[in-house]
Amino acid sequence: MLVSPGSRVAALAACGALLLAGAGCGADKSEEATTTPQVRLYGSDGNMTNAYAAEFKERADLLDGMKGTTPLTPLPEAFKNRLRAVDPKLTDYLYSAESYDAVVISALAAQLAGSTDPAAIAKQIVGVTNNGERCEKPAECLRLARNGRDIEYRGVSLNRAGFTDAGEPATASYATLTFGEEKLDDGKTEFVGAGDESAASTKNPPRSHRQGGGKAPSAPLVLGGLLPRTGDLAIAYPPLAAGAALALKEINAAGGVLGEDVRWVDGDDGTNPAVAKETVEKHIADGVHVIIGAGASGISRAVLPDVVAAGLVLFSPSNTDAGLTSVEDRGLYFRTAPPDSLQGRALADVILRDGPHRIALVARKDSYGEGLQENVRAELERAGIDGDRVKLLTYEPPADAKAPPLDFTAGAREIKEYGADAVLVIGFGESAQVIRALADSGVQIRH
């Protein structure tokens, strides 16, 4: 389990030693040489959703038994009910809490800054989550902020520790998810914690401003959406959008920010840099102060220079690329999703529990896919899994909706010839083609 790094590494190292000895955690080498193993499928946050099953249509049974991890805290039923009141058709909750918290933190930072100036907001964001008076509800936190009180926001996803100096969660909760009959089996979901509470920032933000009567001259606060309404990550859009909409609703019901309702300007990132850049350009022209997004880490990397040049804040609820921790951002980039350095440990743990002999790690070719792939590979190596037992493959995701579907035939054949008995697929909706190709190549998928 991932309860403590020391105990987890020791346990995985023991499992790795058994693998190398050919006993206890998997089949021996003589068996490997004479049989074609069944393959267990694993996924990550980009495809472990109920919406992902829809990508398979009549072949959704291929997912039965697939396991994976995603940043997810146990969500209170009251929160789910409030989300469903915003979107009655909601079937997934992936990153809904992170989206909700990103909007709430942005609003609280503006209230404490006494201004909608993005630079002033940015200087308050980390402090909103640390070293103040604890509050959990937007109305309660806004009341304290209006009175010039330092606050320590604890929301739905951010419930153990606050942000690090880099503007991301110091701790995280991960869920191990399992597909049942063409949908996630909630009865098999397990939660584990990760991260270090001592990594939370101890720096003091600029002094907060007590709001006087009436509206602030710079109000209203304008937030711009940069979420994947279309593209490969569109399967994650409903919960992301619902979380943002719920937060906006509750903030404005509590009196808004700086005496006015917070405004929302919708925008699509298209899971495509060109689409996202057009949206950012429009947001800049429309006077947006904080951009909520992008959905995918690679898209945020593509638009961040434009956002920074315009002096705006980019605040993502779902970016997990560990490299974004140290990206050059002039203090204007934040995220409520934890970095994949933590998810890599959780995924390696899930895979090793099943005692695999040969592991194929398949990833979409971008900063998210290749970054998480490398994190998982490193964790497997730390657990004692030799390099010849791990095969790395990547694929180019389709450029846009008009591009030909992903063809993974050659990769599937390579995995079959390698004799993998575990395949991790790191991708978004397009990664359904990887699993279809595996089945079509004759790989026996274990359910």
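Residues numbered from 1 in each chain as written. Predicted model: local features only at pLDDT ≥ 70, side-chain atom pairs only at ≥ 80, totals over all residues. Heavy atoms only, no water.

Section: the overall build of the protein
- A count of helical and extended segments in the protein gives 14 helices and 14 strands.
- The dimensions of the protein, computed from C-alpha atoms along their principal axes, are 80 × 50 × 40 Å.
- When the 447 residues of the protein are sorted by exposure, 56% land in the buried category.
- Excluding contacts between residues fewer than 6 apart, the proportion of contacts in the protein whose partners are at least 24 apart in sequence is 73%.
- Each charge sign in the protein was given a centre, from 46 positive and 60 negative side chains, and these centres are 4 Å apart. (Helix = DSSP H or I, 4+ residues; strand = E, 2+ residues; numbered from the N terminus. Buried < 20%, exposed > 50% of the residue type's maximum accessible area, 1.4 Å probe, protein only. Contact = heavy atoms within 4.5 Å. Lys, Arg positive; Asp, Glu negative; His and termini not counted. Charge placed at Lys NZ, Arg CZ, Asp CG, Glu CD.)

Focus on the sheet that holds strand 7 (residues 222-226)
- In space, the 5 strands of this open sheet follow the order 8-7-9-10-11, with parallel pairing throughout. In this open sheet, the two strands that pair with only one neighbour each are strand 8 (263-265) and strand 11 (333-335). Here the strands of the sheet are splayed against their neighbours by 25° on average, with no regard to which way each runs.
- Here strand 7 runs beside strand 9 (residues 290-293); their pairing, made up of 4 bridges, is parallel. (Pairing = 2+ DSSP bridges. Axes fitted to C-alpha atoms, helices over the stretch in contact; angles between N-to-C directions.)

Here's the deal with the state of the cysteines
- This structure, assessed with the given rule, holds 1 disulfide.
- Bridging Cys135 to Cys141, the disulfide has an S-S length of 2.1 Å. Here the disulfide of Cys135 and Cys141 is right-handed, its torsion about the S-S bond being about 115°. In terms of burial, Cys135 and Cys141 fall into one category: buried. (Disulfide = S-S within 2.5 Å.)

Topic: the packing of aromatic side chains
- Going through the model one piece at a time under the given rule, you end up with 6 aromatic pairs.
- Ring centres of Phe315 and Phe334 lie 5.9 Å apart, and the angle between their planes is 45°; on these two criteria the pair is classed as tilted. Of this pair, Phe315 sits in strand 10 (residues 313-316) while Phe334 sits in strand 11, and the two are 19 residues apart along the sequence. Both residues of the pair, Phe315 and Phe334, belong to the buried class.
- It is Lys391 that lies over the ring of Tyr418; its NZ or CZ is 5.5 Å from the centre.
- Of note, Arg436 hangs over the ring of Phe56, and the distance from its end group to the ring centre comes to 5.4 Å. (Phe/Tyr/Trp six-rings, centres within 6.5 Å; stacked < 30°, edge-to-face > 60°. Lys NZ or Arg CZ within 6 Å of the ring centre and 35° of its normal.)

As for unusual backbone geometry
- Note the cis peptide between Gly293 and Ala294, where omega equals 0°.
- Relative to the elements of secondary structure, Ala294 occurs in the loop between strand 9 and helix 10 (297-309).
- The phi angle at Tyr95 is positive, at roughly 65°, despite the residue not being glycine.
- With respect to the helices and strands, the residue Tyr95 is situated in the loop between helix 4 (77-86) and helix 5 (96-113).

With respect to the environment of Leu304
- As for its position among the elements, Leu304 is in helix 10.
- Residue class for Leu304 comes out buried when judged on its relative accessible area of 4%.
- Sequence separation between Leu304 and Leu314 is 10 residues; the distance between their C-alpha atoms is 7.3 Å.

A closer look at the UniProt feature "domain: Leucine-binding protein" (unreviewed entry) in the protein
- Annotation from UniProt places "domain: Leucine-binding protein" (unreviewed entry) at residues 222-444.
- Overall, residues 222-444 shows 41% helix and 16% strand. The separation of its end C-alpha atoms is 52 Å. (UniProt positions renumbered as here; feature names shortened; annotations may be inferred.)

Some thoughts on the packing of helix 11 (residues 340-353) against helix 12 (residues 367-382)
- In contact at an axis separation of 8 Å, helix 11 and helix 12 are set at 55° when each is read in the N-to-C sense. With respect to helix 12, the element helix 11 is oriented oblique. Between helix 11 and helix 12 the crossing geometry is right-handed. Contact with helix 11, carried on its side by Asp340, Ser341, Gln343, Gly344, Arg345, Leu347, Ala348, Ile351 and Leu352, involves Tyr368, Leu372, Asn375, Val376, Glu379 and Leu380 of helix 12 and no other residues of that element.
- When the residues that make up the contact of helix 11 with helix 12 are grouped by side-chain class, the tally is 8 nonpolar, 4 polar and 3 charged. (Parallel < 35°, antiparallel > 145°, perpendicular 65-115°, else oblique. Left-handed = near helix turned anticlockwise from the far one by under 90°. Nonpolar A, V, L, I, M, F, W, Y, C, P; charged D, E, K, R; others polar.)

Here's the deal with helix 8 (residues 237-253)
- Over its 17 residues, helix 8 runs 24 Å from end to end, which matches the ideal 24 Å to within 8%, given 1.5 Å per residue.
- Following helix 8 by one or two positions, Gly255 has its phi on the positive side, about 105°. (Expected span 1.5 Å × (residues − 1).)

Focus on the pattern of salt bridges
- Under the criterion given, the structure shown has 26 salt bridges.
- The shortest N-O distance in the salt bridge between Asp306 and Lys277 comes to 2.9 Å. Of this pair, Asp306 sits in helix 10 while Lys277 sits in helix 9 (residues 273-285), placing them 29 residues apart in sequence.
- Salt-bridge contacts for Glu430 lead to Arg364; the nearest nitrogen and oxygen are separated by 3.0 Å. Of the two residues, Glu430 is situated in the loop between strand 14 (422-426) and helix 14 (432-440) and Arg364 in strand 12 (residues 359-364); the sequence distance between them amounts to 66 residues. In terms of burial, Glu430 and Arg364 fall into one category: buried. (Salt bridge = Lys/Arg side-chain N within 4 Å of Asp/Glu carboxyl O.)

As for the environment of Gly323
- As for its position among the elements, Gly323 is in the loop between strand 10 and strand 11.
- Accessibility expressed as a relative area gives 28% for Gly323, which makes it partly exposed.

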